[in-house]
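What follows is each chain in one-letter form.
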Amino acid sequence: MSGPERRLLTFSAGAPHWPDEVLAAAAAEFTAFRGTGLAVPELGHRTREWATLQEEIEGRFRRLAGVPGDREVLLLPGGPTWQFALLPMNLRSPGTSADYVLTGHWARKAFDAARATGPARLAASGEADGFSRVPSPETWQVDPSAAYLHVTTNNTVYGTWMREIPVDLPAPLVADATSDLLARRLPLERFAVVYAGAQKNLGPTGLTVVVVRRDLLDRAPGGLPPILRWRDHAAARSRLNTPPTVLAWLLGRMLEWIEEEGGLDEMDRRTRERARIVYEALEAHPDVYRLPAAREDRSLVNVVFRTRDDATDRELLAAARARGLVGLEGHRSVGGLRASMYAGMPIAGARRLASFLHEFAERSPA
Ligand SMILES: Cc1ncc(COP(=O)(O)O)c(C=O)c1O
C-alpha cells in the first residue's frame, strides 16, 4: 500500500497496534448494532441490549484471564492512574499503612498517589540499579500489618517484568498489570486485587478493568463519595453512573478476537515468540544495540533498547518510519528506544521489525 491508504505498524507503548480483523468487525458493527436499529454510541446503558453485551464482555474476560469465582470484575472509566488513587482509599482502613515495591515510573506514581492520602512505605526498590532489574521477592521487607502490598507486574517504561509472582506473602498482594494482563498467564488467584488499563493488550484507552476479591470491598470507609468506592461500582454492576459504553464495546471486540485466536495460551505463546524474534535481532549486533534491562528480568512485551547515541536513535526512528514502523520512541522520561508488542501485534510484525533492525545495524558504521 502507498499514500494515505498505507497502514503503519505501531510499536507504541500506549496506543497499541490493533488486529485488522478487529478494526474491520468494529467498523461494520459501529453503525448497526446487532439488528437493534441503533449505532453503538446510541445504545443506552440502561437497556437490555447493553446489559446483555456487558455480561458477555465480563464473562469472556473472566474465562480468558482465569478470574477466580470470588472476585468482582469492575469496568471503570479512566486509565489506571485513577486506580492509583482509588486503591488506597478503598483498601487502607484507618490506622493502617500500605507497602509498595518500587520498580519504575508507574510504580512510583502509584506509590506517590498512596502517600498523598495516608501512610505508605517501600518494601523494596530497584532504584539503585536504575530499575534495570526487579528486586527479588526474597529481599522484600513486607510489613505484615500492611493493608496491602502493591507491585507492578510489568514495567512499561524500563522494560522489565516480574518473572514469578510470589505466594504466601504476609500482606494481600495488589498488582498493576496494565501492560501484561492477557499477554501472559498471570496466576490471578495469588492477587487480592489486579487492575489493568485496557490500552495495551485489551484495546482502548481510557478504561480500566479491576479484579477485586469480594471480601475486600467492605474495607472502604463510609465517608467516601460513592463514585470513588469500588463496593458501590460492584453493587451497580459498573453502571453506577453513565459508563463509557463505546470503549467497553471496543474492549469486548478485542476480547472476542483473543478468544477466537486461541485465548490466553496462544497470547502467551505469541508474546514469547515476538520477544524472542526481536531480542535475538538486537543481540546479534552488540556493537550497535544496547539492552539496559537485566536479561533475566526482561519484559517480553516492552523491549527497551538504545543505539550508541541519541543521534543514532533519531536516525533509527526516521529509517523505521520510512519502512512503515512507528511508535519506537522510548518513554519521554528515559529516552532511547522501545518496541512494545501487545496482544494485537502479529508475529509477522515482530519479524518485520527484526529484519529492519538487522538492516539498520548492517549499514550503521560501528
Ligand atoms: C504499568 C502502567 N501503569 C499505569 C499506566 C498509566 O496509564 P494511564 O495514563 O492511562 O492512567 C501505564 C501507562 O502506560 C502503565 O504502563
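Coordinates for the structure precede this section.
Each value, and the rule that gives it
- Residues numbered from 1 in each chain as written.
- Predicted model: local features only at pLDDT ≥ 70, side-chain atom pairs only at ≥ 80, totals over all residues.
- Heavy atoms only, no water.
- Near = heavy atom within 4 Å.
- Polar contact = N/O pair within 3.5 Å; in protein donor to acceptor, adjacent residues only side chain to side chain.
- Helix = DSSP H or I, 4+ residues; strand = E, 2+ residues; numbered from the N terminus.
- Nonpolar A, V, L, I, M, F, W, Y, C, P; charged D, E, K, R; others polar.
- Axes fitted to C-alpha atoms, helices over the stretch in contact; angles between N-to-C directions.
- Parallel < 35°, antiparallel > 145°, perpendicular 65-115°, else oblique.
- Left-handed = near helix turned anticlockwise from the far one by under 90°.
- Contact = heavy atoms within 4.5 Å.
- Salt bridge = Lys/Arg side-chain N within 4 Å of Asp/Glu carboxyl O.
- Phe/Tyr/Trp six-rings, centres within 6.5 Å; stacked < 30°, edge-to-face > 60°.
- Buried < 20%, exposed > 50% of the residue type's maximum accessible area, 1.4 Å probe, protein only.
- Core = buried A, V, L, I, M, F, W, Y, C linked by side-chain atoms within 4.5 Å.
- Domains from an automatic or database assignment.

Colleague: In this structure, what is going on with the site of the ligand? I would like to understand it.
Modeller: As a structural note, the neighbourhood of the ligand is formed by Gly79, Pro80, Thr81, Phe84, Trp106, Asn154, Thr156, Asp176, Thr178, Ser179, Gln199 and Lys200. Here an oxygen atom of the ligand sits 3.3 Å away from a polar atom, N or O, in the main chain of Pro80. Top element by residues in the shell around the ligand is helix H3 (residues 80-91). It accounts for three residues. For the shell around the ligand, a count of residues per class yields three nonpolar, seven polar and two charged.

Colleague: Explain the packing of helix H8 (residues 310-322) against helix H9 (residues 347-363) here, please?
Modeller: Between two packed helices, the angle of one axis relative to the other and the distance separating the axes together describe the packing. At a closest axis distance of 11 Å, the pairing of H8 and H9 adopts a crossing angle of 130°. As far as their axial angle goes, H9 and H8 are oblique. Here the hand of the crossing between H8 and H9 comes out right-handed. Taken together, the residues of H9 that come into contact with H8 (itself represented by Thr312, Glu315, Leu316, Ala319 and Ala320) are Phe356, Leu357, Phe360 and Arg363. Class assignment of the residues belonging to the contact of H8 with H9 gives a composition of six nonpolar, one polar and two charged.

Colleague: How do you make sense of the pattern of salt bridges when you look at a structure like this?
Modeller: Where charged atoms from two side chains of opposite charge approach closely, those side chains can pair. Applying the stated criterion across every chain yields a total of 29 salt bridges. Note that Asp297 is salt-bridged to Arg163, the shortest N-O span being 3.1 Å. Taken together, the residues span a long stretch of sequence, with Asp297 in the loop between helix H7 (263-283) and strand E11 (302-305) and Arg163 in the loop between strand E7 (160-161) and strand E8 (173-176) at a distance of 134 residues. Where Arg269 meets Glu266, a salt bridge forms, and the shortest distance between an N and an O atom there is 2.9 Å. Of this pair, Arg269 and Glu266 both sit in helix H7, three residues apart, roughly one helical turn.

Colleague: Looking at this model, I keep getting lost on the side chain of Asn154. Mind explaining?
Modeller: Within the element layout of this structure, Asn154 appears in strand E6 (residues 154-155). For Asn154, the side chain forms a polar contact with the side chain of Ser179, separated by 2.9 Å. Asn154 has contacts with Thr160, Trp161, Asp176, Ser179, Asp180, Ser299, Val301 and Asn302, leaving out every residue within four places of it along the chain.

Colleague: I would appreciate a short explanation of the packing of aromatic side chains in the present structure.
Modeller: For any pair of aromatic rings, the description consists of the separation of the ring centres together with the inter-plane angle of the planes. Counting across every chain of the model gives seven aromatic pairs. Here Phe84 and Tyr195 contribute two aromatic rings whose centre-to-centre distance is 6.3 Å and whose plane-to-plane angle is 75°, an arrangement assigned as edge-to-face. Of this pair, Phe84 sits in helix H3 while Tyr195 is found in strand E9 (residues 193-197), placing the two residues 111 residues apart along the sequence. The exposure classification of Phe84 matches that of Tyr195, with both residues buried. Ring plane angle 35° and centroid distance 6.0 Å describe the contact between Phe356 and Phe360, whose orientation is recorded as tilted.

Colleague: Any chance you could explain the nonpolar core here in plain terms?
Modeller: A general trend in soluble globular proteins is that nonpolar side chains are found buried together. By size, the foremost hydrophobic cluster in this structure holds 52 residues, and its most contacted members are Phe61 and Leu251. Shared between two domains, this core takes at least three residues from each, and those domains are domain 1 (10-17 + 262-363) and domain 2 (23-260). Among residues more than four places away in sequence, those in contact with Phe61 are Gly66, Val67, Val73, Leu181, Val209, Val211 and Leu255. Ala320, Ala339, Leu353 and Ala354 belong to the second largest nonpolar core, which has 31 residues in total.

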